[in-house]
Each structure stands twice: as structure tokens, then as C-alpha cells.
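Residue-level listing of the chains:
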Amino acid sequence: AERNITDPSGTVNKNQRYHGRVFMYTTEGIILKRSDAGEADSVFTIYTKDFGKIRARAQGIKKEGAKLKGHLETLNHSAVSFVLGKSGERLTSATAFNYWPKIHGDFDKLRAAFTLTDLIDVKCFLGEKDERLWQLILDGFSSLDAGDFKKKDFSNFLQEFNKKFAAALGYAGISDAEFLSYN
């Protein structure tokens, strides 16, 4: 399925650069998920600031010494560049900004972070840019990394995030159970 990566007016957006016969798009994003695709490739689900959720293939990422390897770890906040190929987006470069070390170093924070990534992946459509949602997601991971949480605090954090997330998607006022049941 073809997705509209340019802005709705069809004009070239500020993150688009022309290189020969292809346009390269650059933005920042949070790596939500990685799926193996063949012997050396992986497909990454990334929530980006400028393009919403995308799925992009990284060729040769599983090879020893792959240049993108450390920058595309799940939960990284990275600058990513991609081109549109015949079979969708293909990652061409990535630079990690933040890998949220306190999340990775704490099992409970890591579990909460993966709860967020699952929610974002399930509830957000591909190619739907939403700056408010981007900021909410970025703030959620940042506060999870910076916060001093006790066991009981994670439930409150996730409930509060769910409420804000549901409101950002237009589901304000419904219960968490109802929101989570919608696919």
C-alpha cells in the first residue's frame, strides 16, 4: 500500500531532500519494534515526529559491523533517514540521541516501556502524523527514564499515559477498558 509521505498539499516538506532519482526523508523517531526479515535484514516500526508511525526495512542490519546496528535498538530515540523504495520505506542512516539507560537498567521500567510501545503500535495507523501525540510519547519515555518509581507507581503512570494517549487519539472520556478493547 502506498502512503503519502509528503504533506497533504503534495508539496515537498522540510524533511525531504532530493538525491538523484529518489527523495530522502529525515526525521527523529522512537524505535518501537524490530522484526526479522530474511537472513540479514530487519523491519523496524518507528513512531516519527514528522511522519507518524512507519515501518522501514534496514538492509544488512544483522551483519557484523552494520553501520545502523547500535542506532536502531528498540526504545532508542534516534534521527532516522529513509527512502521510499518499490516495497516501502528503506532506512539509509540512523543516529541514536537517547537510549534511555535508566529504562534499560530497570526491569519494571522496561516492562512499562514495552507496554507503551505495544499500545502505540496497536493504536496508531501508519503514516498519520500527529505532533501532539509525538510529544506525549517522547515525554512519556523521558519521564519513565527520569522518574524514581516504586512498584505501585507504574500502574498509575500507565493509567495516566493511557488517558492522555486516548485523549490525543480522540477517545477522551471513555474508560481504559473500552479504549484498550478498540483495535
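## Notes on unusual backbone geometry
Even without a glycine there, the phi angle at Leu75 is positive, about 80°. A residue is classified by how much of its surface remains accessible, and Leu75, at 1% relative accessible area, is buried.

## What to know about the environment of Leu133
With respect to the secondary-structure elements, Leu133 resides in helix H3 (residues 131–146). Take Leu133: its relative accessible area is 2%, and that puts it in the buried class. Separated by 34 residues in sequence, Leu133 and Ala167 place their C-alpha atoms 9.6 Å apart. If near-sequence neighbours (up to four positions away) are discounted, Leu133 is found in contact with Tyr47, Cys124, Phe165, Ala168 and Leu169.

## What to know about the packing of aromatic side chains
For the structure shown, the criterion picks out eight aromatic pairs. Plain terms: the ring middles of Trp100 and Phe141 are 5.3 Å apart, the flat faces sit at 20° to each other, and that makes the pair stacked. Here Trp100, found in the loop between strand E6 (88–98) and helix H1 (101–104), pairs with Phe141, found in helix H3; they are 41 residues apart in sequence, far enough to count as distant. Taking relative accessible area as the criterion, Trp100 reaches 2% and is therefore assigned buried. For Phe141, a relative accessible area of 0% translates into the label buried. The rings of Tyr25, Phe51 and Phe82 are connected pair by pair, giving a single aromatic cluster.

## Details of the packing of helix H2 (residues 107–123) against H3
Contact pair H2 / H3: the axes reach a minimum separation of 10 Å and the direction vectors enclose 170°. Comparing their axes, H3 and H2 come out roughly antiparallel. Judged by residue contacts, Lys109, Ala112, Ala113, Leu116, Thr117 and Ile120 of H2 engage Ile137, Phe141, Leu144 and Asp145 from H3. Across the contact of H2 with H3, the residue classes tally to seven nonpolar, one polar and two charged.

Conventions adopted
Residues numbered from 1 in each chain as written. Predicted model: local features only at pLDDT ≥ 70, side-chain atom pairs only at ≥ 80, totals over all residues. Heavy atoms only, no water. Buried < 20%, exposed > 50% of the residue type's maximum accessible area, 1.4 Å probe, protein only. Helix = DSSP H or I, 4+ residues; strand = E, 2+ residues; numbered from the N terminus. Contact = heavy atoms within 4.5 Å. Phe/Tyr/Trp six-rings, centres within 6.5 Å; stacked < 30°, edge-to-face > 60°. Axes fitted to C-alpha atoms, helices over the stretch in contact; angles between N-to-C directions. Parallel < 35°, antiparallel > 145°, perpendicular 65-115°, else oblique. Nonpolar A, V, L, I, M, F, W, Y, C, P; charged D, E, K, R; others polar.

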